[in-house]
Every structure is written in C-alpha cells, then in structure tokens.
2 protein chains.
Amino acid sequence: MAAAMLAARVRDRRLLLSHRPVPKVPPGWALVRVRLAGICNTDLEILRGYHGFRGILGHEFVGEVVRCGGASAARRRDEAQWLGRRVVGEINIACRGLGLRSLCEFCRRDTPTHCARRRVLGIVNHDGAFAEFLALPLVNLHGVPHDVPDECAVFTEPLAAACQILAQVRIERGAHVAVLGDGKLGQLIVRVLAAAGAAVTLFGRHREKLALAAGRGVSTIVLAQRAGGRRVKAACRFPYVVDATGAADGLALAIKLTEPRGTLVLKSTFHGAARVETWPMVVNEMTVVGSRCGPFERALALLRAGQVDPLPLISRVFPLDEAADAIREARASGVLKVLLKP
Amino acid sequence: MAAAMLAARVRDRRLLLSHRPVPKVPPGWALVRVRLAGICNTDLEILRGYHGFRGILGHEFVGEVVRCGGASAARRRDEAQWLGRRVVGEINIACRGLGLRSLCEFCRRDTPTHCARRRVLGIVNHDGAFAEFLALPLVNLHGVPHDVPDECAVFTEPLAAACQILAQVRIERGAHVAVLGDGKLGQLIVRVLAAAGAAVTLFGRHREKLALAAGRGVSTIVLAQRAGGRRVKAACRFPYVVDATGAADGLALAIKLTEPRGTLVLKSTFHGAARVETWPMVVNEMTVVGSRCGPFERALALLRAGQVDPLPLISRVFPLDEAADAIREARASGVLKVLLKP
C-alpha cells in the first residue's frame, strides 16, 4: 500500500487538496479504504468556522477494512472478522476506542457519543473521510449487509442521526409531526418518521425537494422565500416539531409551530448565534430536545428493508480530486446529497 | 360596597393610579377583596411592553371573598363555602371558568393553564390584583389555611410556579441542580428544590441575596457583574440547570452549565429576543423544558409545613396608592419581593 494518499483537508476555512500520509492504525483500530463519502451540512458549517476544525474533512462514508492494528491472539481473531469487510463507522471515538482503561463519566454511563475525551471523525481532532483512507477503532465499525449498495450505505450516518429522534422522543403512530427544512437531513427525517407511522408535514422552500418527499404519509408546505415563515398561521401548530433547517432562523419558526406542551427536536447545528424570543417556550411549556448521533443498527435495518430509500436524494457524485467543486455544488440551492468517490 | 375602587393599571408602558369600577362578578365567579399583592418580574416586563397588556396589573395576591355571582341553588351552596374565606387564586381563566360549555382541546386534555381561550389575571385580557378588588372564577380559588399568614400566602402563586419544575422534571434526591438568578423566583426555586432533597447551587450577582439562600442544602456562587458568567469554568456542569435570571443573557450561561444529556428548565420570561448559540444544545443533546404556572396545593402545603419560609424575601410593603414608588423599588438592585397593600 502506498504511504501517501489524496485527501481534502480544512485549514483557515479553506478546503485544500493534497497528499497526506496514510493514517497509522494502533491496536484495536482499522484502516478503512473509503469507497464513497457524503457531504453533510456540518461540513459546510465547518468550512465557515464551526468547531474550528483543522484536518481532513468528512464523516459520512462507506469503506472497506484493509488493515487492522494490534498483535495479540484475541485481536487477530477480531481482525480476521473485519479484514476485507464493507463497513460504515460511528463518528465519535470514545474512551474505549481510544484504548483508555479508566472511562470518563459519560462512557461509564454508556453514552460514548458524549464521551468527555472524544474525538470525532472529520469534526473534532481526528482526520475524516474525504480521503482515500481513514482510521477508526474496530468498536466504531458496523458491517454493511451485502444487499445494501454503497450508494445507500453512505447514508447510514445521517440516517442514524434521523433515527435518534425516535430514540429520544416517543412519537405515537398517527401523531402529527412538522419537519422544518427540505434539505438532506430533513429528507431522511421525514422518511424515518413516516416509516414509524407518524403523520408528517414537511416545511421547505424548494418545490422540487418537497416533491421528492411528498406521499407515503408525508404532506408538504412551501414556505415563501422571504417571509421567514411569517405567513404560517399560528393556528397551524403541531405536538411534535423537528428543526432540520440548519439555519439560524429555523428555531423561531419551529417555536411558532409547536403547540403548548409540545416537543421541539433541534437537529440544526450551525456556526454563530440565533436571535430567539424564548418566552413562548416558557409560556407554552415546550420541551426542546437537542438531537445528534444515532443508532447505526436501526439505520442499516431501514436501508436493508427498503423502508428508507435514499437514492433519489443523491444529486451528484464527484471524484475526490474535485472535492472543491463538490463542496461548491453542495452549497448550491436545490442540491441535496453530493458524494465523493476517492 | 363602593362602586369604585383604587387600582394601578398599565397603559402605554406606564403605570397609572386611578379609580375604576369594582369588577362585576358573573355566575360562578367571586369578587375578592385584595389583602396583599406581590410585584413579580413579569409585572416589570409588562411595563416594558411584554404581552402588550392594558389593564390593572398584578397576579400575585391573597384576598378575601366578599361576593359571589350567580343564582341557582347549587351555586348558592358553593357560594356559602367561599364567602368570607381567605383565598389565593390561579391566574389562568380557562374554558370552565369562562363558563364555556364546549371546552378547547387543552381544557379537554386537562391542561387548563394552556387553555386556547384563556385570560390571565393581570397579564392577558383580565384586570389584575393591584387594586382593592379583583374578580376570578370560583374554580380558580384555593382557601388559605388559617395558620398561613397573608405575608406567606401572597407567595403562593410564584411558589407554585417554582413547584412546577418538580411536576415536569424528575429530579432525584441528592441530584446536583444549578439555579441561575438570585432574585425573587430563583430564591423560591432553590427552597423548593432543597426541600425535595436536591443538592442546589445558586448562581447570582448579589452577595446579600445569595446569603439569604445559603445553607440547608443550598450552596452559592457569585457571578462577576460584568463577566456574564464567562468566568464559570466549563468543567463545572450540572445534570439539571434552572434559568430564573429573567434576563436575556441567562440562557447562554445556563446552556454552558448544563452537562451532556442534562435538563435545562427555562423560567425566564422577558420582553424581546436573546442571542443564543444553539449548537451546544444539539451537540450535547440537552433537554430544555419551559416551565410556567404550577400546583397551588403543593405550594400551600409547603408554606403550611414551614418547608419554605418566604418571609425573609419581603423587601418592603407599600400602600396601593404608592404603587408607582413600589414598582421603582422592585426594579432597584438588591431588592427582592415588594408587596402592595390596598
């Protein structure tokens, strides 16, 4: 294997394409050859300064294990199981993955996604997936079933994030849920919620994107580009609202759409601050739930059963050496998922 | 009884003292002679434009039933029970209190505090307690036990609001809770939480106010006046945080103090918008719970058992005709509860 690889890294809010050393794999880790990587809104926010990340960008991927670190007999058995397998990977590298014997309080509570010492693939202190290879602990990996193609498997990470909503909030079958944002994540969320039997209304600004989601338990409402949702009547309120706009003005509309004692799930992470009138949250005794990474098993099961079909969400596939063009494309209005192929 | 009464009403963000007609009491309502009324932060916010309220201000009171409306025999029995009794009153006038036969969806769900048609004493479309008399539906009234003096009973409404936190969020005995804001409501909240066995830390800017709360399961931390809490270390985080600052910058500090998967209770209602970075709510998967009016029974029980003693929180009592001075006093730094005596 070559000692260098092509990679797209962030520095000073710019994406630089260059050759970097192939990552080293310590014991208990795998070297994964990236087959396909996805561009997420968080990647675009990182390029605007979010998290101040420096390194190789990208956290959505499907790949193939090409090497395992370590030497003991037990580890070799583990490796034999992984070598050559197609995998997706959880992005939070927690105490166990870091090989730390004394766990932090969050790992002790079995919430490694909140590990106090965590590194996060392509987001916090760990090189990501916009490269020919990446390194992750074996405990982070999930094998991809043979009947789930790469183009679907690459959606596992954001789909798991969509599934996290149902892991955190009990939404009864038939319950009315408003999802704000017709982008990549919003599209996955409406599919997950509809598959769980919710009556979903997707609010968005792009007729073509809304059309992709319409049907199968999802109705759609077009928000006027400039009205910022002000035209949405106060009478139109929901017991469950999900903000997946990825934008600062999403929260204000989400608050307006949530009925008293209702639940608002926050999925938007963006760089900077939002101006929010918080008194309606108090007066209406709303519950706001922040929601991030989710269960990969559930996401893979939905993909395998065909309950969520992400293929229509792919706008374009770029070769890795055109990563800068891919990012520009991903930022354009009307575009959904842009993939990178190393 | 005189046909006119002294009252302090809001108009164009100003407090005007004048004589107004004594309220009429429809069937099922009581005319209450106000014995003592309390000035709440919400009153000060209303005078800054919050809710655009016009009318007689005030929603915290203890009074005495002097007349009941209505005529039927059933009603007369009800009246006999109330006439002459010392009472406190819930402030939300919902479908039942309004005598509406078809209930709104929130009253049907038995959440009358969220009644879609509600009026709110001294806050929304209904004259309040800074007057010689007020009118409320009998269903809103709670008799005050004879061993609870007026000076304690007048705290029932804000104390119930403090108790609402425990009605909404399960806080285990011994759990660490941060309360932000050493003002009137924060003081009641720390007492309620400490009485429930929580390990409470009160954050505030006034040494004298913090000193009032210290001890009995409450420790205190002084926030630097200008630092806006920036000096509070990130390492100092709590599973439960209550924002009772009543100020726009409270939420940002509250978010900073909440540990991953922690719960932040919002008690602050203020006029205008806050600038908030929301991504930590998402990344840390926080739950934010808006909390407003609470159970009067619980508040009265705490007062009666002496588990909460609000008397040290009384800064000064003004006669009603000095309401404007009382408001000025309530706004001053270092002042806690200011009462009005009609």
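Only a predicted model underlies this, so the values are computations on that prediction, with no experimental measurement involved.

1. Details of unusual backbone geometry
When glycine is set aside, most residues are seen to have a negative phi, and most peptide bonds are trans.
And then number 1: Phi is positive for Arg13 of chain A, close to 65°, though the residue is something other than glycine.
And then number 2: When you line up the elements, Arg13 of chain A lands in the loop between strand S1 (4–11) and strand S2 (14–21).

2. Points about the packing of helix H5 (residues 156–168) of chain A against helix H6 (residues 184–195) of chain A
Two packed helices can be described by the angle between their axes and the distance between those axes.
Residue and element names in this part refer to chain A.
And then number 1: Running from N to C, H5 and H6 point in directions that differ by 50°, and their axes come no closer than 9 Å. As judged from the angle between their axes, H5 and H6 are oblique. Here H5 runs over H6; the crossing is right-handed. Facing Pro158, Leu159, Ala162, Cys163, Ile165 and Leu166 of H5, the residues of H6 in contact are Leu185, Leu188, Ile189, Val192 and Leu193.
And then number 2: Each residue belonging to the contact of H5 with H6 can be placed in one class, and the counts come to 11 nonpolar, no polar and no charged.

3. A short note on the sheet that holds strand S2 (residues 14–21) of chain B
Residue and element names in this part refer to chain B.
And then number 1: What the three strands build is an open sheet, ordered S2-S1-S4; its pairing is antiparallel. The strands lining the two open edges of the sheet, one partner per strand, are S2 and strand S4 (55–56).
And then number 2: Relative to S2, strand S1 (residues 4–11) runs antiparallel, the two being bridged by eight bridges. Counterpart to Arg11 in the pairing with S2 is Arg14.

4. Focus: the relation of the copies chain B and chain A
And then number 1: Between the two copies, chain B and chain A, the superposition gives an RMSD of 0.0 Å; the rotation angle is 180° and the shift along the axis is 0.0 Å. When the rotation and shift are considered jointly, the pair of chain copies conforms to a two-fold rotation axis.
And then number 2: An overlap of 100% is found between the interface residues of chain B and their copies at the interface of chain A, pointing to a shared contact surface.

5. Looking at the confidence of the model for chain A
And then number 1: Per-residue confidence for chain A averages 92 on the pLDDT scale, and 95% of its residues sit at or above 70.
And then number 2: The ipTM value of the predicted complex is 0.92, and its pTM value is 0.92.

6. A few points about the pattern of salt bridges
And then number 1: Throughout the structure, instances matching the rule amount to 26 salt bridges over all chains.
And then number 2: In this structure, Asp325 of chain A engages Arg328 of chain A in a salt bridge whose closest nitrogen and oxygen atoms are separated by 2.5 Å. Of this pair, Asp325 of chain A and Arg328 of chain A both sit in helix H11 (residues 323–331), separated by three residues, roughly a single helical turn.
And then number 3: Taking the shortest distance from any N to any O, the salt bridge between Glu45 of chain B and Arg48 of chain B comes out at 2.9 Å.
And then number 4: With a relative accessible area of 5%, Glu45 of chain B lands in the buried category.
And then number 5: Taking relative accessible area as the criterion, Arg48 of chain B reaches 42% and is therefore assigned partly exposed.
And then number 6: Overlapping salt bridges bring together Arg33, Arg35, Glu64, Arg86 and Asp150 of chain A as one network.

7. Notes on the environment of Leu138 of chain A
And then number 1: By the element assignment, Leu138 of chain A lies in the loop between strand S10 (133–137) and strand S11 (141–143).
And then number 2: Each residue touching Leu138 of chain A, except ones within four places of it in the same chain, is listed here: Gly28, Trp29, Ala30, Cys68, Asp78 and Trp82 of chain A.

8. Some words on the interface of chain B and chain A
And then number 1: With 41 residues of chain B at the contact, the number on the chain A side is 41 residues.
And then number 2: With both chains or domains summed, chain B and chain A bury close to 3,500 Å², and 55% of this area falls on carbon and sulfur atoms.
And then number 3: Put simply, chain B and chain A have two salt bridges between them.
And then number 4: Linking Arg109 of chain B and Glu259 of chain A is a salt bridge whose minimum nitrogen-to-oxygen distance equals 2.9 Å.
And then number 5: One can count 17 residue pairs in polar contact (both at pLDDT 80 or more) joining chain B with chain A.
And then number 6: Counting only elements with at least two residues in the side of chain B that touches chain A, the list comes to helix H3 (105–108), helix H5 (156–168), strand S16 (258–266), strand S17 (274–276), helix H9 (279–283) and strand S18 (287–290) of chain B.
And then number 7: Here the side of chain B that touches chain A is built from residues that sort into 17 nonpolar, 14 polar and 10 charged.
And then number 8: Inspection of the sheet shows strand S17 (residues 274–276) of chain A paired to S17 of chain B by three bridges, in the antiparallel sense. Bridging from a neighbouring strand, Val276 of chain A pairs with Ala274 of chain B of S17 of chain B.

9. Comments concerning empty space enclosed by the protein
And then number 1: A complete count under the given rule lists one cavity of 30 Å³ or more for this structure.
And then number 2: Of the pockets and cavities examined, the largest cavity occupies roughly 50 Å³.
And then number 3: Leu251, Val276, Thr278, Met281 and Val288 of chain A together with Leu251, Val276, Thr278 and Met281 of chain B are the residues that line the largest cavity.
And then number 4: Grouping the amino acids of the lining of the largest cavity by side-chain chemistry returns seven nonpolar, two polar and no charged.

10. What about the environment of Val10 of chain A?
Residue and element names in this part refer to chain A.
And then number 1: Within the element layout of this structure, Val10 appears in strand S1.
And then number 2: For Val10, a relative accessible area of 2% gives the class buried.
And then number 3: The sequence separation of Val10 and Leu57 amounts to 47 residues, and the corresponding C-alpha distance is 6.3 Å.
And then number 4: For Val10, the contacting residues outside a window of four places in its chain are Leu15, Ile46, Leu47, Phe53, Arg54, Gly55 and Leu57.

11. Side note on the packing of aromatic side chains
And then number 1: Taken as a whole and assessed by the stated rule, the structure comprises four aromatic pairs over all chains.
And then number 2: With 5.6 Å between their ring centres and 90° between their planes, Tyr50 of chain A and Trp279 of chain B make a pair best called edge-to-face. In this pair, Tyr50 of chain A sits in the loop between helix H1 (41–46) and strand S4 (55–56) while Trp279 of chain B sits in helix H9, so the two residues belong to two different chains.
And then number 3: Among the residues examined, Trp279 of chain B registers a relative accessible area of 23% and is labelled partly exposed.
And then number 4: Ring geometry for Phe203 of chain B versus Phe238 of chain B: centroids 5.9 Å apart, planes at 85°, classification edge-to-face.

12. Considerations on the pairing of S1 of chain B
Residues and elements named next belong to chain B.
And then number 1: With six of eight residues buried, S1 lies mostly within the body of the structure.
And then number 2: For S1 and S4, the ladder comprises two bridges, and the chain directions are antiparallel. In the sheet register, Arg9 faces S4, and the bridge partner there is Ile56.

13. Some thoughts on the side chain of Asn284 of chain B
And then number 1: With respect to the secondary-structure elements, Asn284 of chain B resides in the loop between H9 and S18.
And then number 2: If we skip the residues at most four places from it in the chain, Asn284 of chain B touches His114 of chain A together with Arg237, Pro260 and Arg261 of chain B.

14. Considerations on the sheet that holds strand S8 (residues 119–121) of chain A
Residues and elements named next belong to chain A.
And then number 1: The strand order S7-S8-S9 describes an open sheet built from three strands, whose pairing is mixed. Edge positions in the sheet fall to strand S7 (92–93) and strand S9 (125–126), since each has one partner strand and no second.
And then number 2: Pairing between S8 and S9: two bridges, direction parallel. Following the sheet pairing, Val120 is matched in S9 by Asn125.

Procedures and definitions
- Residues numbered from 1 in each chain as written.
- Chains lettered and ligands numbered in written order.
- Predicted model: local features only at pLDDT ≥ 70, side-chain atom pairs only at ≥ 80, totals over all residues.
- Heavy atoms only, no water.
- Helix = DSSP H or I, 4+ residues; strand = E, 2+ residues; numbered from the N terminus.
- Axes fitted to C-alpha atoms, helices over the stretch in contact; angles between N-to-C directions.
- Parallel < 35°, antiparallel > 145°, perpendicular 65-115°, else oblique.
- Left-handed = near helix turned anticlockwise from the far one by under 90°.
- Contact = heavy atoms within 4.5 Å.
- Nonpolar A, V, L, I, M, F, W, Y, C, P; charged D, E, K, R; others polar.
- Pairing = 2+ DSSP bridges.
- Least-squares fit on C-alpha atoms with pLDDT ≥ 70 in both.
- pLDDT = per-residue confidence, 0-100.
- Salt bridge = Lys/Arg side-chain N within 4 Å of Asp/Glu carboxyl O.
- Buried < 20%, exposed > 50% of the residue type's maximum accessible area, 1.4 Å probe, protein only.
- Buried area = accessible area lost by both parts, 1.4 Å probe.
- Polar contact = N/O pair within 3.5 Å; in protein donor to acceptor, adjacent residues only side chain to side chain.
- 1 Å grid on protein atoms, 1.4 Å probe; cavity = no way out; pocket = protein on both sides within 12 Å on 5 of 7 lines; lining within 4 Å.
- Points joined across faces, edges and corners; volume = space filled by probe spheres on them.
- Phe/Tyr/Trp six-rings, centres within 6.5 Å; stacked < 30°, edge-to-face > 60°.

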